[in-house]
Amino acid sequence: MSTTVNAQSNDSATSAPLFSEDVSFLKQHTDVVVLRSNDAAIAVAPAYQGRVMTSTYDSSGGPSFGWINRPVIERGLMSDEERAGKLEEHIYIFGGEERFWLGPEGGQYAIFFKPGTEFEFEDWTTPPAIDTEPFRLVEQNAESAMFEHETQLLNFSGTRFHVGIQRRVTMLDREGINALISDGSDQSRLASSVRFVGYETDNRITNLGDQPWTPENGLLSIWMLGMYNPSPDTTVVIPFKSGDDAELGPKVNDTYFGKVPADYLRVGDDVLFFKGDGTRRGKIGVSPQRSKGIAGSYDSKAGVLTLLTYNVQESPNGFVNSMWEHQEEPYSGDVLNSYNDGSPAPGEAPLGPFYELESSSPAAALKTGETMQHVQQTWHIQGSEADLDPIAQRLLGASLAEIESAFASPSP
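Residue positions are given per chain, counted from 1 along the sequence in the order it is written. Confidence filtering applies because this is a predicted model: local features only for residues at pLDDT of at least 70, side-chain atom pairs given and counted only at 80 or more, and all residues used for totals across whole chains, interfaces and linings. Processing note: side-chain calculations cover all non-hydrogen atoms of the structure and skip hydrogens and water entirely.

A. Just the overall build of the chain, in detail. Labels follow the DSSP assignment, with helices taken as runs of H or I lasting at least four residues and strands as runs of E lasting at least two, numbered in each case from the N terminus. On a plain count of helices and strands, the chain comes out with 7 helices and 18 strands. Radius of gyration: C-alpha atoms only; globule rule: 2.2 Å multiplied by the number of residues to the exponent 0.38. Relative to the 2.2 N^0.38 estimate, which gives 22 Å for 412 residues, the radius of gyration of the chain is 20 Å and therefore close to what a compact globule would have. On the principal axes, the C-alpha backbone points of the chain span a range of 55 × 50 × 50 Å. Contact criterion: two residues are considered in contact whenever any of their non-hydrogen atoms come within 4.5 Å of each other. Within the chain, contacts between residues at least 6 apart in sequence are counted, and of these 72% link residues at least 24 apart. Working definition of accessibility: Shrake-Rupley area with a 1.4 Å probe, residue cover restricted to the visible protein chains. Within the structure as shown, the chain displays about 16,900 Å² of accessible surface, and the carbon and sulfur contribution to it stands at 45%.

Take a look at the structure:
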């Protein structure tokens, strides 16, 4: 999550509703595109930039994986007078388990701060193109939908961008999950008893202006963020490349909102564990030098393993840095992030609560007419420990037992 402020707690978000209940609610307030693959389904909202609001492995009676901020959706968009002094003056937090955003957020090339402002929350504003402007639904079938948008952006340094946006959301099937988890043997294919939902988003930005985008004037990136329902049994797991810090840099950036305490973050030689319980705000990041192109989480009580992957690609101009400061290294940002929402201080309300998994494209140094692509896949897999453990070990580098015990209190 990018913001550092609090909103009123949405108590109904503390327990995950059914997918059918969430879709019914959404349809009362906005158009919803429901895509299906067998029993699995996802709900996509064109008015909210084509974001995937939620998903399930069973559209008739299954759980809803995306966190949805019902009070904000119920209130709808406000007038400028109504927004004044409220959080909505800066951002509408609709929720949703995968949304399209653009970076950088902070720094001298930020698109969330206008020229001449300060890197303070009072001056922070989400660009309308990724907050209030709808994306146009241009193509749809039972398993896929494509959206388009066009916008103008101004960064902190005064550079203007004319941006074309295209986003395609597509359901994935059993062959897709087998392609991800298989090591080539029949034993590594997904058991028929395991339930899952998977989808892919193909996200593209195009330079529609008459000038190239250059590092000296600031670059954009595609930024995907997903809000999920938290639980005390949920742990985020991110494998990373082992090696010397002098060669690869730090294993994790854990200082976004102040250093994450040890009882919420555990870092090993090649894998880290981060709480996704929605009880304490904190954010971590993994650099492109360390990332293996995958992150995940495991809810041990529900027996659900979540996996997120992105297309690893060359990054000659680095990754944008979103820290709220004038940056010495504006292209040394992270490629993977996770955020755990919660009360930032005793007595203060959380924003959700929820937890997030995020990925970013490289910085887009595009000539006129050129396009940057960022593809992300999201999977929620429900099954027994015997079915899920090999997947976790193969893809996340940790057994379910290791994940479950990551924050267990030591024996006296």
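Structure's up, so let's keep going.
B. Quick look at the sheet that holds strand S13 (residues 282-286). If DSSP finds at least two bridges between two strands, the strands pair. Strand order in this open sheet of 5 strands is S4-S9-S17-S16-S13, and the pairing throughout is antiparallel. Whereas interior strands pair on both sides, the edge strands pair on one side only; in this sheet they are strand S4 (99-103) and S13. In this sheet, adjacent strand axes meet at a mean angle of 20 degrees when their direction is disregarded. Of the strand pairs in this sheet, strand S16 (residues 336-340) and strand S17 (residues 355-360) are connected by 5 bridges, and their pairing is antiparallel. Each bridged residue has a counterpart across the sheet, and for Tyr339 the counterpart in S17 is Glu356. Only the stretch in contact is used when fitting a helix axis, every axis being a line fitted to C-alpha atoms; angles between N-to-C directions are given from 0 to 180 degrees.

C. Seen up close, the sheet that holds strand S3 (residues 51-56). Pairing within the open sheet is antiparallel, and its 3 strands lie in the order S1-S2-S3. Each edge of the sheet is formed by a strand with only one pairing partner; in this case those strands are strand S1 (33-37) and S3. Adjacent strand axes in the sheet meet at a mean angle of 20 degrees, parallel and antiparallel pairs treated alike. Judged from the 5 bridges that link them, S1 and strand S2 (residues 40-45) form a sheet pairing that is antiparallel.

D. Region of the structure containing the pattern of salt bridges. Should a side-chain nitrogen of Lys or Arg be within 4 Å of a carboxyl oxygen of Asp or Glu, the pair is scored as a salt bridge. Per the counting criterion, the structure on display carries 12 salt bridges. Across the pair Arg70 and Asp22 runs a salt bridge whose closest N-O atoms are separated by 2.8 Å. Of the two residues, Arg70 is situated in helix H2 (residues 70-75) and Asp22 in helix H1 (residues 19-27); the sequence distance between them amounts to 48 residues. Throughout, exposure labels follow a simple rule: accessible area from a 1.4 Å probe, protein chains only, divided by the maximum for the residue type, with under 20% read as buried, over 50% as exposed, and the rest as partly exposed. With a relative accessible area of 24%, Arg70 lands in the partly exposed category. Accessibility expressed as a relative area gives 2% for Asp22, which makes it buried. Note that Arg75 is salt-bridged to Glu88, the shortest N-O span being 3.0 Å. Linking Arg75 in helix H2 with Glu88 in the loop between helix H3 (80-83) and S4, this pair joins segments that are 13 residues apart in sequence.

E. Representation of H1 in the model. For H1, every residue scored as buried is listed here: Phe19, Asp22, Val23, Phe25 and Leu26. Buried residues along H1 cover an arc of 160 degrees about the axis, so they all sit on one side. On its buried side, H1 packs onto S1, S2, S3 and H2. By arc we mean the arc of the directions from the helix axis to the C-beta atoms, nothing more.

F. Representation of the nonpolar core within the structure. Judged by nonpolar contacts, the single largest core of 55 residues is most densely connected at Ile42, Phe100, Ile205 and Trp213. Elements that contribute at least two residues to this core include exactly S1, S2, S4, strand S6 (144-154), strand S7 (160-172), strand S8 (195-207) and strand S9 (221-228). Grouped together as the second largest cluster of nonpolar side chains are 24 residues, Phe273, Leu388, Ala398 and Ile403 included. To form a nonpolar core, buried Ala, Val, Leu, Ile, Met, Phe, Trp, Tyr and Cys residues must be joined to one another through side-chain atoms within 4.5 Å.

G. Region of the structure containing the environment of Pro104. Examined against the element boundaries, Pro104 turns out to sit in the loop between S4 and strand S5 (136-140). Accessibility expressed as a relative area gives 3% for Pro104, which makes it buried. In the structure, Pro104 is positioned 166 residues away from Asp270 in sequence and 28 Å away in space, judged by C-alpha atoms. Not counting residues up to four positions away in its chain, the partners in contact with Pro104 are Tyr109, Ala110, Ile111, Phe112, Leu219, Leu220, Val320, Asn321 and Ser322.

H. Quick peek at the pairing of S1. Most of S1 sits inside the fold, with 4 of its 5 residues counted as buried. Between the end of S1 and the start of S2, which pair antiparallel, lie 2 residues, with Asn38 showing a positive phi angle near 55 degrees.

I. Fine view of the packing of aromatic side chains. Note on aromatic pairs: the rings of Phe, Tyr and Trp (six-membered ring only in Trp) are paired at centre separations within 6.5 Å, and the planes decide the class, stacked below 30 degrees, edge-to-face beyond 60, tilted for the rest. Counting across every chain of the model gives 19 aromatic pairs. A ring has a charge above it when a Lys NZ or an Arg CZ is no more than 6 Å from the ring centre and no more than 35 degrees off the ring normal. Directly above the aromatic system of Tyr264 lies the positively charged group of Lys275, at a separation of 4.8 Å from the ring centroid. The lysine or arginine in question, Arg281, covers the ring of Phe257, its NZ or CZ lying 5.3 Å from the ring centre.

J. Region of the structure containing helix H4 (residues 174-181). Burial in H4 covers these residues: Ile177, Asn178 and Ile181. Buried residues along H4 cover an arc of 100 degrees about the axis, so they all sit on one side. Of the surrounding secondary structure, the elements contacted by the buried residues of H4 are S8, strand S18 (371-382) and helix H6 (385-396). Nitrogen and oxygen atoms within 3.5 Å of one another constitute a polar contact, given that in protein one can donate a hydrogen and the other can accept it, and given that sequence-neighbouring residues count only through two side-chain atoms. Two to three positions downstream of the cap, the backbone nitrogen of Glu175 sits 3.2 Å from a side-chain oxygen, assigning the N-cap of H4 to Asp173.

K. Spotlight on a negative patch on the surface. A surface patch of negative charge is lined by Asp80, Glu81, Glu82 and Glu89. Along the polypeptide, Asp80 turns up in helix H3. We classify Asp80 as exposed; its relative accessible area is 61%. Patch construction takes residues with relative accessible area above 30% that form no salt bridge. Like charges are linked within 9 Å, and nonpolar side chains (Val, Leu, Ile, Met, Phe, Trp, Tyr) are linked within 5 Å. Neither His nor the chain termini are counted; the positive set is Lys and Arg, and the negative set is Asp and Glu. In this description, the location of a charge corresponds to atom NZ of lysine, CZ of arginine, CG of aspartate or CD of glutamate.

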